[in-house]
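Below, each chain spelled out in residue letters.
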Amino acid sequence: MDVLNLVVPAVLTPTCDRAPVEQAVAEGIAARFDPEMFLWINFRRPDGGVRVWYAWTAGGEPLGDRVDQLATAAGLDAADWLHVSDLHQQTSTRGRVETWAYALRPVLADVQAGVRSPEERREGVRRVLRRAQEITGQEPRTLTPRWLGFGPVLTARKH
């Protein structure tokens, strides 16, 4: 029996939805990193905006959630997240795509060791929130925002 293999050309349809392309790019970026990483991928737009994607390499999702559980249980906040993340951030840029990569084992070690933000940075976060209040007229819910997260449970949270 002869089998006839037909190759049907793909039908390309114009779309304004950048999500499939950005997702493919994010997956390609993640494939180049070691296991147990959290990736914050910024797609810079020509209009000055940014679209953010999060990605985790093998083992990164449960480890990121574990870091977040320990951090929130210890009362760490956004200033602490900024400080700890700065200690471990590796930045790479290709065109309009900027990637911030975080090896989660060293982040976990810092959280377990109780590393906290210096008071100057903590005051800087409060200063930014006060300035936003002046500009928008909206009072912030708190001057001590929550830990931002390295795992999918916290990063997916909308508020």
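Residues numbered from 1 in each chain as written. Predicted model: local features only at pLDDT ≥ 70, side-chain atom pairs only at ≥ 80, totals over all residues. Heavy atoms only, no water.

(A) Examining the pairing of strand β1 (residues 37-44) more closely. Most of β1 sits inside the fold, with 7 of its 8 residues counted as buried. Bridging between β1 and strand β2 (residues 50-56) involves 7 bridges; their strand directions are antiparallel. By the bridge assignment for β2, Phe 38 is matched with Trp 56. Between the antiparallel neighbours β1 and β2 lie 5 residues, among them Gly 48 with a positive phi of about 100 degrees. (Buried < 20%, exposed > 50% of the residue type's maximum accessible area, 1.4 Å probe, protein only. Helix = DSSP H or I, 4+ residues; strand = E, 2+ residues; numbered from the N terminus. Pairing = 2+ DSSP bridges.)

(B) Representation of the nonpolar core in the model. Phe 38, Val 67, Trp 81, Tyr 102, Val 111, Trp 147 and Phe 150 are the most contacted members of the largest nonpolar core, which totals 17 residues. For this core, the elements supplying multiple residues, two or more each, are β1, α2 (60-73), α3 (78-88) and α4 (104-113). Sequence-distant contacts of Val 67, that is, excluding residues within four places in its chain, are made with Leu 104, Val 107, Leu 108, Val 111, Trp 147 and Phe 150. Among the nonpolar cores identified, the runner-up in size contains 13 residues, and Ala 30, Ala 55, Val 97 and Ala 101 belong to it. (Core = buried A, V, L, I, M, F, W, Y, C linked by side-chain atoms within 4.5 Å. Contact = heavy atoms within 4.5 Å.)

(C) Looking closely at α4. By the burial criterion, the buried members of α4 are Leu 104, Val 107, Leu 108, Asp 110 and Val 111. The buried side chains of α4 occupy one side of the element, clustering within an arc of 160 degrees when seen end-on. Set apart from the buried face of α4 by more than 90 degrees, the exposed residues are Gln 112 and Ala 113. Each element contacted by the buried residues of α4 is listed here: β1, α2, α3 and β4 (97-103). (Arc of directions from axis to C-beta.)

Just distances and angles here, no functional claims.
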